[in-house]
Amino acid sequence: MKDSHGRTIDYLRISLTDRCNFRCIYCMPEEGVCQLGHQEILSLEEIERLVRVAADLGITSVRLTGGEPLVRKGVESLVEAVTHTPGIQNVSMTTNGVLLPQMADDLKAAGLNRVNISLDTLDAEQFRQVTRVGRLEDTLAGIDAALETGFKPVKVNAVTVRSLDQDFLAFAKLSVDRPLHVRFIEFMPVGASDSTGVNGAGWGKQDVIPSDELLGIINERAREAGMPALRPAGNKPVGWGPAQYYEFPGAQGTVGFISPLSRHFCAECNRLRVTADGKIRPCLFSDNEFDVREALRGGTDDEVRAVLLEALGAKPDDHHDKVGTERGMSAIGG
Ligand code: SAM
Ligand code: SF4
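Residues numbered from 1 in each chain as written. Chains lettered and ligands numbered in written order. Predicted model: local features only at pLDDT ≥ 70, side-chain atom pairs only at ≥ 80, totals over all residues. Heavy atoms only, no water.

J.: Is there a simple way to think about the packing of helix H3 (residues 100-110) against helix H5 (residues 136-149) in this case?
T.: When two helices pack together, their arrangement is given by the angle between the helix axes and by the axis-to-axis distance. In the contact formed by H3 and H5, the axes pass within 9 Å of each other and the chain directions differ by 25°. By the angle class used here, H3 and H5 are roughly parallel. Judged by the sense of rotation from one axis to the other, the crossing of H3 with H5 is right-handed. Along the contact surface, H3 presents Leu 100, Pro 101, Ala 104, Asp 105 and Lys 108, while H5 presents Ala 141, Gly 142, Ala 145, Ala 146 and Thr 149. Among the residues forming the contact of H3 with H5, the class breakdown is 6 nonpolar, 2 polar and 2 charged. (Axes fitted to C-alpha atoms, helices over the stretch in contact; angles between N-to-C directions. Helix = DSSP H or I, 4+ residues; strand = E, 2+ residues; numbered from the N terminus. Parallel < 35°, antiparallel > 145°, perpendicular 65-115°, else oblique. Left-handed = near helix turned anticlockwise from the far one by under 90°. Contact = heavy atoms within 4.5 Å. Nonpolar A, V, L, I, M, F, W, Y, C, P; charged D, E, K, R; others polar.)

In structure tokens, the structure reads:
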């Protein structure tokens, strides 16, 4: 499936729910979260059908996200259905990890192979501050469970924020002794976490740490600690998305940098997004959305296909530094 800028689009990110067991300050308000009603969110059957039609058009990879995808009832059976959809080769999930210790085995049995676990700080106090309600040990247990269950790869995604004062070297070192792939993601001032600070974060553009600067910070800290510097990773597996990968010599895992703001990777964009309420978003940073829910509830497969193709045709060539959107990440499906 090619868009109007010649890019191959083969990746669908689906938000299974706008609900979450955390309340991260850059993602959701503390209280008064305006949750979608049961009728508003796509049913699991509707999602399965959407994936089937999308796979017919050439989608080969699906990522399940949210909100927190693991709080969606029946997620295991959805994983099973999606992994068995003809044409789908990769199914992955982005999660805060809290429910993995109890769910990882079933998810693996259902066919899930790849997980990304979000973890922004290794300091328990700071973790509580960022997630408002979460406990560091729960997400760390989720990472342990993911490795023990044999997911491959297991990636740890950390959003970097200047005013947070995170220990970036400690994060990078997680990649040394275990096959963990740590990825640093530039904070995106989207939704209500922008400079108005409605979500309580009060973070803005000034909090974006460009990846090049971050690499320098980590290498400087490594030098002070008597460690070798990060070097470009030898064999970055194909299909690993828009990160630039590095590694410490002899490490089991890698350290990646994802730079949505300092290095636009729009030219390599391969994705469409689906919100929990059935809107196709051609671009994370644009509020231009296409409603596929109606077609899924009474329309034919051709009508579903038509909405997908309309959204495909509306993919912009670049986000042109416009990063503000009306909806926060939990609603869009970060
Ligand atoms: N609940 C799951 C989780 O946290 O992994 C999946 C959904 S969450 C919205 C997906 C990812 O978006 C997380 O890694 C989170 O850190 C990231 N995210 C949320 N708001 C963000 C922001 N303003 N800038 C950058 N990343 C953000
Ligand atoms: Fe929940 Fe993920 Fe948003 Fe945090 S980032 S509030 S874990 S959806």
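J.: Looking at this structure, how should I read the environment of Arg 114?
T.: By the element assignment, Arg 114 lies in strand S4 (residues 114-118). Distance in space between the C-alpha atoms of Arg 114 and Gly 150 is 9.2 Å, their sequence separation being 36 residues.

J.: Would you take a moment to explain the pairing of strand S9 (residues 255-258) for this structure?
T.: Two faces belong to every sheet, and in a regular strand the side chains alternate between them. Side chains of S9 alternate between two faces, with Val 255 and Phe 257 and Gly 256 and Ile 258 buried alike. For strand S6 (residues 180-186) and S9, the ladder comprises 4 bridges, and the chain directions are parallel. Each bridged residue has a counterpart across the sheet, and for Phe 184 the counterpart in S9 is Phe 257. Pairing of strand S8 (residues 244-247) with S9, which is carried by 3 bridges, proceeds in the antiparallel orientation. (Buried < 20%, exposed > 50% of the residue type's maximum accessible area, 1.4 Å probe, protein only. Pairing = 2+ DSSP bridges.)

J.: What is the right way to look at the environment of Thr 160 in this model?
T.: Looking at the element boundaries, Thr 160 is found in strand S5 (residues 154-160). Judged by its relative accessible area of 1%, Thr 160 falls in the buried class. For Thr 160 and Ser 211, which are 51 residues apart along the polypeptide, the C-alpha to C-alpha distance reads 9.2 Å. If we skip the residues at most four places from it in the chain, Thr 160 touches Gln 166, Phe 168, Phe 184, Ile 185, Glu 186, Phe 187, Asp 207, Ile 209 and Leu 214.

J.: Mind showing me how you'd approach the sheet that holds S8 here?
T.: Strand pairing in a sheet takes place through backbone hydrogen bonds and is either antiparallel or parallel in direction. The strand order across the open sheet formed by 12 strands is S7-S8-S9-S6-S5-S4-S3-S2-S1-S10-S11-S12, and the pairing between neighbours is mixed. Whereas interior strands pair on both sides, the edge strands pair on one side only; in this sheet they are strand S7 (231-232) and strand S12 (290-291). When S4 meets S5, the two strands line up parallel, connected through 4 bridges. Opposite Ser 118, over in S5, you have Asn 157 as the bridge partner.

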